[in-house]
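A closer look at the structure
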4 protein chains.
Amino acid sequence: MSGNSIGKLFTVTSFGESHGLAIGCIVDGCPPGLPLSEEDLQGDLDRRRPGTSRHTTQRREPDQVKILSGVFEGVTTGAPIGLMIENADQRSKDYAKIATQFRPGHADYTYFKKYGLRDYRGGGRSSARETAMRVAAGGIAKKYLQAQYGVLVRGYLAQLGPVRIDKVDWSVVNTNPFFCPDANRVPELEAYMDGLRKEGDSIGARVNVEATGLPAGWGEPIFDRLDADIAAAMMSINAVKAVEIGDGFAVVEQKGTQHRDEMTPEGFLSNHAGGVLGGISSGQDIRVSIALKPTSSIRLPGRSLNEAGESVEVITTGRHDPCVGIRATPIAEAMLAIVLMDHALRHRGQNGMDASG
Amino acid sequence: MSGNSIGKLFTVTSFGESHGLAIGCIVDGCPPGLPLSEEDLQGDLDRRRPGTSRHTTQRREPDQVKILSGVFEGVTTGAPIGLMIENADQRSKDYAKIATQFRPGHADYTYFKKYGLRDYRGGGRSSARETAMRVAAGGIAKKYLQAQYGVLVRGYLAQLGPVRIDKVDWSVVNTNPFFCPDANRVPELEAYMDGLRKEGDSIGARVNVEATGLPAGWGEPIFDRLDADIAAAMMSINAVKAVEIGDGFAVVEQKGTQHRDEMTPEGFLSNHAGGVLGGISSGQDIRVSIALKPTSSIRLPGRSLNEAGESVEVITTGRHDPCVGIRATPIAEAMLAIVLMDHALRHRGQNGMDASG
Amino acid sequence: MSGNSIGKLFTVTSFGESHGLAIGCIVDGCPPGLPLSEEDLQGDLDRRRPGTSRHTTQRREPDQVKILSGVFEGVTTGAPIGLMIENADQRSKDYAKIATQFRPGHADYTYFKKYGLRDYRGGGRSSARETAMRVAAGGIAKKYLQAQYGVLVRGYLAQLGPVRIDKVDWSVVNTNPFFCPDANRVPELEAYMDGLRKEGDSIGARVNVEATGLPAGWGEPIFDRLDADIAAAMMSINAVKAVEIGDGFAVVEQKGTQHRDEMTPEGFLSNHAGGVLGGISSGQDIRVSIALKPTSSIRLPGRSLNEAGESVEVITTGRHDPCVGIRATPIAEAMLAIVLMDHALRHRGQNGMDASG
Amino acid sequence: MSGNSIGKLFTVTSFGESHGLAIGCIVDGCPPGLPLSEEDLQGDLDRRRPGTSRHTTQRREPDQVKILSGVFEGVTTGAPIGLMIENADQRSKDYAKIATQFRPGHADYTYFKKYGLRDYRGGGRSSARETAMRVAAGGIAKKYLQAQYGVLVRGYLAQLGPVRIDKVDWSVVNTNPFFCPDANRVPELEAYMDGLRKEGDSIGARVNVEATGLPAGWGEPIFDRLDADIAAAMMSINAVKAVEIGDGFAVVEQKGTQHRDEMTPEGFLSNHAGGVLGGISSGQDIRVSIALKPTSSIRLPGRSLNEAGESVEVITTGRHDPCVGIRATPIAEAMLAIVLMDHALRHRGQNGMDASG
């Protein structure tokens, strides 16, 4: 199928540009009988919403999601769920000046090369704006996974530029604008971001997400492995350049005796694998880590080209996140939830003899 | 579709277990008119083949591929290409003793949990044996990409345990059993592997692959991004735990001014992005790096369970690669080629008005 | 993927119920550069729109389509096209009385059995209301096929109950509410429908659609044959119970000498095949014929069950088409156009060596 | 995906030409634990096999199927099932003389136009030879449906040219080479076929297939409706030009009071719908009827073109079925079984909350 759908049985198909009338998606394949309301989705949308702190873009978007179909008398019906968010704050004039210039490090150049034209307003389709719909769709998956399997999906900021966060206290993650799991490090993050903003530069980040409580058995080898689908879902997020499952790159220097997770009747003795063995969930926590690049939309001048192929100096004004990683946590959670729900349904459909009909 | 197919327009569907009669695949969607013979595929199969040096499993497999269909008078016809390799050396008795035990770190446990039963002979479907078909199918993609677009896909061993290889001399990669790009380091690798074999342990590795010469414009945002599909393809390889595109995790500590690849009329001034911007190829080299875990099939005892859930001590005899990363280079090349070919066809089909019919 | 998408490269994903807030779809895979406006789609929507004559349901729906994304400065960008129609006239009270009853011949029973619950308002998802989005999406395909290949897709009412229309004058098809291609028979159709309405009964119909001007070569055997995809698309239309390509069921009594379409340098001497040979377009006109059942929503009482499984007598009031076939012509045209466009793109992507990149 | 796969969760991917080394397929998505052996598949293959009576092609093919993977210790493992049949009798010389000619009514012309070249030996990929793999794959689906749901899939010849068979005695269907359900009409069929063979002409046929015992609830509206997928599967069979579900084209002249299947606590009072309402199975028998055209491979001369576009007179010698409909019954049964099994799995995966994990 085309490129704007993800999932085989639980399928999310997305549309919308940064400065169009609206963004939206169709969530197809959600089983019937799941209690669902807009409030269920608004929470994560508010976590991702821009303009909530001085450390993210000042674009003001209420990001009020509307459920247009698929829910009747408070529960899902099995019909596709249409979701929509109207774009409120579209200051297109901000972009007029770079309408024919390619911001270095941006998708401007590749979209133009691919399609022969582009919607330059705020990056059009390549804008992180579309991630709002991922979060909305992911909210449905999160609720289903919780209700049906007791699976909890959550994440946090693990590193912002030079600042590594090693202590993880889940209770504080949502109490600060960074999704930082160590309250004591928040002032440090704020100071770093304030300095960065003065510089006019941007910075990369690392986000960790995990899922706990899922059963063993999810994942469809050899190509639709659970870890392969997680990798694709994560890499499909704007600015993500790397994905790790479990120990990730650390395995390069590990020996078998050290890496293999031994088992006893009481369970696994370690989780180097990150909850996936042979592409199938082991029942341990799914551990995923991703790297997000620094946004290229900065006000420091950069050498680039215009559509005519001539040299230009590009300065990006407008409103941008100096660290796209800050708002990435709910997005990464959503993508993990979407993949897990798809595989939950696929496992139910494909595996085991079952006379239930 | 089910889990053993990859690709949308160029689709590879695989079958076969480690100790079954044969392994094979169907390559569907290869355009007609491509000159193709078994010799075209045998080269990479021989590079991947086990038993070629003392550093890999001593299982002896000629891995002679047969083209069963889709080629007529020396060229592809547009019909699906059936490929098959008969399994020659199947010492199933090696596995009888672990028929009811789960090797720690292996897919034994998850396959049993998922399917309720498993083919324990050599890991059955979860064996790296299936990667031979990936290499065969990838050979078709490599030839097409070269013939049609002048795209070259190649890779090398970047690190083996503690041994990092920094110098890359493409001319020596295929002159040693490690695909090591620095001839001077080969003795060091041999010494390390000899020591490891004496210990009875195994080790992880890092493999880098790249594609040069491809045009800008391949990739279908927002979900079927080129980098997302590459990540999935790489993570679908046995033992892979992490994937990087371009600078990968290094971006976490990079600033925007440092990461963004500036452009001049002469071209890009750097390639931190690894040839992908916004999920679409930029025309620069595609740079991918993957981490492979140490195999868990080692003869040092490990605590585990049997199918009854009782504690057992598992010792894996049989023939295994102490470093699966050693033979991974041609496999990673194949997966990259398969993804690129699929996107080449998708781009042709989906983009741009074209009156050619 | 899930069940509300059709097409591989040109993909239409639909949502919306009869009495929800809105119906909509996402059209993914439309090449960039196609001039497109809401006016382009409104024409066919108006042809399908209810309440335009006394012979169709009196539900009043303006069916004004909104393009929410994918079009910038008047042309498609290659991004997914979001389409939406708000539901205006939702007299749900009409349905309250049959909320727990299954209308015989309806999807009420099967939706309830499948999902365990149902949106009973106007048939919910099973309502023909969703066909409005097929027509909107089909409008994009029609415009593309015309602009890119000069392909014309059109249809007409071939039979309504006992009234067979044999003469085909394309110039009159859109001059009457029946899409009848013979102006002289329109009074007969009106008289028949008036009588039927008095009876309170409904009737079946046959609709023919064709495509002219397409090149030879579209269709992907052996399963994604052009005729197979056309059959699925037609059978997916509410109330359709049969599909013919070319001579259809007449071939049962034909001999090979009579059926085979002979060729001369001037072209084919006949078109019994209906433009498809071996699942691939021959360049002749595509000829398709479908049968639509009489709607089961009639005011004459019928024996049925309620959700408790008890006998009930069902009388359907509310507003219904006594002959769903009357408004089916633009819907069948839309589905044919969607399938043809998908195969046009697939053929471009999958076949023939092509250095264009 | 490409064109040689069918099914979403139960996926069959096929390869092979009439005169290649072998034909085969991969059956992906069969649940584990199904007892399966080659004998289970051989029965239907023998029913389809050519050369079993003087009324079908005299090509001699043992059609011995080999299971290459996916079955261990007598039961399916959940891994893909590789199936292969070696081509034994390949008299390619028969075809040399028409290597550059297009047989009228054949796929020769469209394959050449589509791919720019073709495997002319016996029609290559467009040969009915590939249907053997459909029958083998369908055998797995038949066994699963029977074991898991008690669903029985069966069919018969309903009409051969002018000879209509109205009486259906299932016990005699497999006692004659025509799959004729009325033993008394067999002599008539033999006489007709003998006369036809003398003439050197061919004839069309109608085949009916049905499925009994399936539960209500299978089918995924609005596009992946059960009837839509059945229509595609049937139309994908060589020579099929029309498909009916339930009363099919007869509904054109039916009134709602007559067509709607009324329900009582004892069940439905009729089955005009053919077991599908709103694209979902109703629990009644699935009734399907298809039309097969007369083969164009006849020895009576026909006007056609050669690859150079010049007029030629084509006479098809070689070995052909004067009525392809005769051997079509097991093929149509197989396709129906494949679609039903796919939907059985999809329904299990997608619908209803289920805590089983």
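Within each chain, residue numbers correspond to sequence positions counted from 1 in written order. To read the labels, note that chains go from A and ligands from 1, taken in the order they are written. With the structure being a predicted model, the display of local features is reserved for residues of pLDDT at least 70 and the display and counting of side-chain atom pairs for 80 or more, all residues being used for whole-chain, interface and lining totals. Processing note: side-chain calculations cover all non-hydrogen atoms of the structure and skip hydrogens and water entirely.

It takes a turn of 180 degrees to lay chain B on chain D, together with a shift of 0.0 Å along the axis; the resulting RMSD is 0.0 Å. Both copies of the chain, as the preceding transformation shows, are related through a two-fold rotation axis. Most of the interface of chain B is mirrored in chain D, where 100% of its interface residues again form contacts. The superposition of copies rests on a least-squares fit of C-alpha positions from residues with pLDDT of 70 or more in both. Note on contacts: a residue pair is in contact if any heavy atoms of the two residues lie within 4.5 Å.

A separate point is the sheet that holds strand S8 (residues 152-160) of chain B. By definition, the strands of a sheet pair up through backbone hydrogen bonds, in either a parallel or an antiparallel sense. In short, DSSP must find at least two bridges between two strands for them to pair. Every helix listed is a DSSP run of H or I at least four residues long, and every strand listed is a run of E at least two residues long, numbered separately from the N terminus. With antiparallel pairing, the 10 strands of this open sheet are ordered in space as S9(A)-S8(A)-S10(A)-S16(A)-S11(A)-S11(B)-S16(B)-S10(B)-S8(B)-S9(B). Edge positions in the sheet fall to strand S9 (163-164) of chain A together with strand S9 (163-164) of chain B, since each has one partner strand and no second. Of the pairings in the sheet, the one linking strand S10 (residues 205-212) of chain B to strand S16 (residues 286-292) of chain B comprises 7 bridges and is antiparallel in character. Counted as the bridge partner of Ala211(B) is Ile286(B) from S16(B). Strand contacts of helix H8 (residues 328-350) of chain B: S8, S10 and S16 of chain B, with the helix running at about 40 degrees to S10(B), the strand carrying the most contacts. Each axis is a line fitted through C-alpha atoms, and for a helix only the stretch in contact is used; angles between axes span 0 to 180 degrees, taken between their N-to-C directions.

Taken together, the buried positions of helix H1 (residues 38-48) of chain D are Leu41(D), Gln42(D), Asp44(D), Leu45(D) and Arg48(D). Among the structural elements, strand S4 (66-67), strand S7 (81-86), helix H4 (131-149) and helix H8 (328-350) of chain D are those in contact with the buried residues of H1(D). Relative accessibility decides the category of a residue: with a 1.4 Å probe and only protein chains considered, values under 20% of the type maximum give buried, values over 50% give exposed, and everything between is partly exposed.

Moving on to the sheet that holds strand S1 (residues 5-6) of chain C. All names here are of chain C. Pairing within the open sheet is antiparallel, and its 5 strands lie in the order S1-S2-S3-S7-S4. This sheet does not close on itself; its edge strands, each paired only once, are S1 and strand S4 (66-67). The pairing of strand S3 (residues 22-28) with strand S7 (residues 81-86) spans 6 bridges and is classified as antiparallel. Each bridged residue has a counterpart across the sheet, and for valine 27 the counterpart in S7 is isoleucine 81.

Residue-level contacts link 44 residues of chain B with 44 residues of chain D. A 1.4 Å probe defines the accessible area here, and the buried area is the portion of it lost by two parts on being joined, summed over both. Contact between chain B and chain D buries roughly 3,200 Å² in total, counting both sides, with carbon and sulfur atoms accounting for 66%. Any Lys or Arg side-chain nitrogen found within 4 Å of a carboxyl oxygen on Asp or Glu counts as a salt bridge. The interface formed by chain B and chain D holds 0 salt bridges in total. Each polar contact in these results corresponds to two N or O atoms within 3.5 Å; when the atoms are within protein, one needs to be able to donate a hydrogen and the other to accept it, and residues that are neighboring in sequence are counted only if both atoms are side-chain atoms. Run the count over chain B and chain D and you get 13 residue pairs in polar contact (both at pLDDT 80 or more). Class assignment of the residues belonging to the side of chain B that touches chain D gives a composition of 19 nonpolar, 17 polar and 8 charged. Under the scheme applied, nonpolar residues are Ala, Val, Leu, Ile, Met, Phe, Trp, Tyr, Cys and Pro; charged residues are Asp, Glu, Lys and Arg; polar residues are all the others, including Gly.

Counting residues at the interface gives 105 residues for chain A, matched by 105 residues for chain B. Both sides of the chain A and chain B interface together cover about 8,300 Å² of buried area, and 60% of this is carbon and sulfur. A salt bridge links Lys255(B) to Glu199(A); its shortest N-O distance comes to 3.0 Å. Here chain A is connected to chain B by 53 residue pairs in polar contact (both at pLDDT 80 or more). At 6 residues, the largest contribution of residues to the side of chain A that touches chain B is made by helix H3 (residues 108-115) of chain A. Grouping the amino acids of the side of chain A that touches chain B by side-chain chemistry returns 46 nonpolar, 35 polar and 24 charged. Here strand S11 (residues 240-245) of chain A runs beside strand S11 (residues 240-245) of chain B; their pairing, made up of 3 bridges, is antiparallel.

This part takes up the UniProt feature "binding site: FMN" (unreviewed entry) in chain A. Residues and elements named next belong to chain A. Under the UniProt annotation, the feature "binding site: FMN" (unreviewed entry) is placed at Arg125, Ser126, Ser127, Asn238, Ala239, Gly278, Lys293, Pro294, Thr295, Ser296, Ser297 and Arg319. Mapped onto the fold, serine 126 is located in the loop between H3 and helix H4 (131-149). The exposure class assigned to serine 126 is buried, which follows from its relative accessible area of 17%. If near-sequence neighbours (up to four positions away) are discounted, serine 126 is found in contact with Ala107, Tyr111 and Asn238. There is a polar contact of 2.8 Å between the side chain of serine 126 and the backbone oxygen of glycine 123. UniProt positions are given in the numbering used here, feature names are shortened, and annotations may be inferred rather than shown by experiment.

A separate point is unusual backbone geometry. Look at the link from Pro221(B) to Ile222(B): it is a cis peptide, with omega at 5 degrees. If you trace the backbone, Ile222(B) turns up in the loop between S10 and helix H6 (226-235). Despite not being glycine, Asp63(A) has its phi angle at roughly 50 degrees, a positive value. Take Asp63(A): it is sitting in the loop between helix H1 (38-48) and strand S4 (66-67). What makes Asp63(A) buried here is its relative accessible area of 0%. Positive phi values are uncommon outside glycine, yet Glu73(B) reaches one of about 50 degrees. Note that Glu73(B) resides in the loop between strand S5 (71-72) and strand S6 (75-76).

This part is about the pairing of strand S11 (residues 240-245) of chain C. All names here are of chain C. Summarising burial for S11: 6 of the 6 residues are buried, a large majority. Two strands pair when backbone bridges link them, and S11 and strand S16 (residues 286-292) are joined in this way by 5 bridges, in the antiparallel orientation. Pairing of isoleucine 245 across the sheet is with valine 288, part of S16.

On to the UniProt feature "binding site: NADP(+)" (unreviewed entry) in chain A. Residue and element names in this part refer to chain A. As annotated by UniProt and renumbered to match this structure, "binding site: NADP(+)" (unreviewed entry) occupies Arg48 and Arg54. Structurally, the position occupied by arginine 48 is in helix H1. Other than its neighbours up to four places away in sequence, arginine 48 contacts Asp63, Ala128, Arg129, Thr131, Ala132, Val135, Arg327, Pro330 and Ile331. Judged by relative accessible area, arginine 54 falls into the partly exposed class, the value being 45%. Those residues within four positions of arginine 54 in sequence are excluded, and the remaining contacts are Glu190, Asp194 and Arg197. A distance of 2.9 Å separates the side chain of arginine 54 from the side chain of aspartate 194, its partner in a polar contact.

What follows is about the side chain of Asp342(C). All names here are of chain C. Locating aspartate 342 in the fold gives a position in helix H8 (residues 328-350). Charged residues are defined here as Lys and Arg on the positive side and Asp and Glu on the negative side; His and the ends of the chain fall outside this count. The buried charged residue aspartate 342 lacks any salt bridge partner; its closest oppositely charged side chain belongs to arginine 346, at an N-O distance of 4.5 Å. A polar contact is formed between the side chain of aspartate 342 and the backbone nitrogen of lysine 8, at a distance of 3.0 Å.

Let us now look at H8(C). Counting along an α-helix, one turn takes 3.6 residues, and residues three or four places apart therefore face a common direction. Given a helix with a known number of residues, its expected span is that number minus one, times 1.5 Å. Its 23 residues give H8(C) an end-to-end C-alpha distance of 33 Å, which sits within 8% of 33 Å, the value for a rise of 1.5 Å per residue. Of all the 23 residues making up H8(C), 23 are buried; the element is thus mostly covered by neighbouring parts of the structure.

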